[in-house]
Amino acid sequence: MEIKLSCGKGGENLSVNDKELINSLAEECLAKVERYLKEIISFDVHLKCFQKQGNIKRFYINARLVAPRHNFDVSAENWILHDAVKEAMGKLLNEIEHKCRASDSHGAGRRGKC
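Conventions and cut-offs
- Residues numbered from 1 in each chain as written.
- Predicted model: local features only at pLDDT ≥ 70, side-chain atom pairs only at ≥ 80, totals over all residues.
- Heavy atoms only, no water.
- Core = buried A, V, L, I, M, F, W, Y, C linked by side-chain atoms within 4.5 Å.
- Buried < 20%, exposed > 50% of the residue type's maximum accessible area, 1.4 Å probe, protein only.
- Helix = DSSP H or I, 4+ residues; strand = E, 2+ residues; numbered from the N terminus.
- Salt bridge = Lys/Arg side-chain N within 4 Å of Asp/Glu carboxyl O.
- Expected span 1.5 Å × (residues − 1).
- Arc of directions from axis to C-beta.

Q: Before we go on, may I ask you to explain the nonpolar core in this structure?
A: Soluble, globular proteins show a tendency: their nonpolar side chains are buried together. Within the largest apolar cluster, 32 residues are counted, with the highest numbers of intra-cluster contacts made by Leu37, Phe43, Leu65 and Ile96. Elements supplying a minimum of two residues to this core: helix H1 (16–33), strand S2 (42–50), strand S3 (58–66), strand S4 (71–78) and helix H2 (81–103). It is H2 that contributes the most residues to this core, 9 residues altogether.

Rendered as structure tokens:
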């Protein structure tokens, strides 16, 4: 599965290290997500960067994962890029775990497959 990273407003000025950081954290999250979802159609990460005052930037991350039976869409924002990505990936994983466990109410103690 390929992770599609797109940069919107202000995100085109990201360094190569920042893009590698986003990709590595997204791949780490994707490995955990694959435990719950049998098939993933697409995984998109969209980044926006806002700079209102001086040199301080605010990062906005929107992550979207599409599976055959479910669509997951989460967002997070923070002043630190690493924290924004970690927060968005954590929300995505939490939402997937919640939906998969809710759909597998018959198998108590087992990890559900959506």
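Q: Looking at this structure, I do not really get the pattern of salt bridges. What am I missing?
A: Between side chains of opposite charge, a pair can form when the charged atoms approach closely. Applying the stated rule across the entire model yields 4 salt bridges. The shortest N-O distance in the salt bridge between Asp73 and Arg64 comes to 3.3 Å. Residues Glu87 and Lys91 are paired through a salt bridge, measuring 3.7 Å at the closest nitrogen-oxygen approach. Taken together, the residues Glu87 and Lys91, both in helix H2 and 4 residues apart, mark about one turn of the helix. Take Glu87: its relative accessible area is 32%, and that puts it in the partly exposed class.

Q: What is the right way to look at H1 in this model?
A: Each α-helix turn comprises 3.6 residues. Residues three or four places apart therefore point the same way. Helix length check: H1 (18 residues) gives 25 Å between terminal C-alpha atoms against 26 Å at 1.5 Å per residue, within 8%. Within the sequence span of H1, burial applies to Ile22, Leu25, Ala26, Cys29, Leu30 and Val33. End-on view of H1: buried residues confined to an arc of 145°, all on one side of the axis. Counted as exposed and oriented over 90 degrees from the buried face of H1: Val16 and Asn17.

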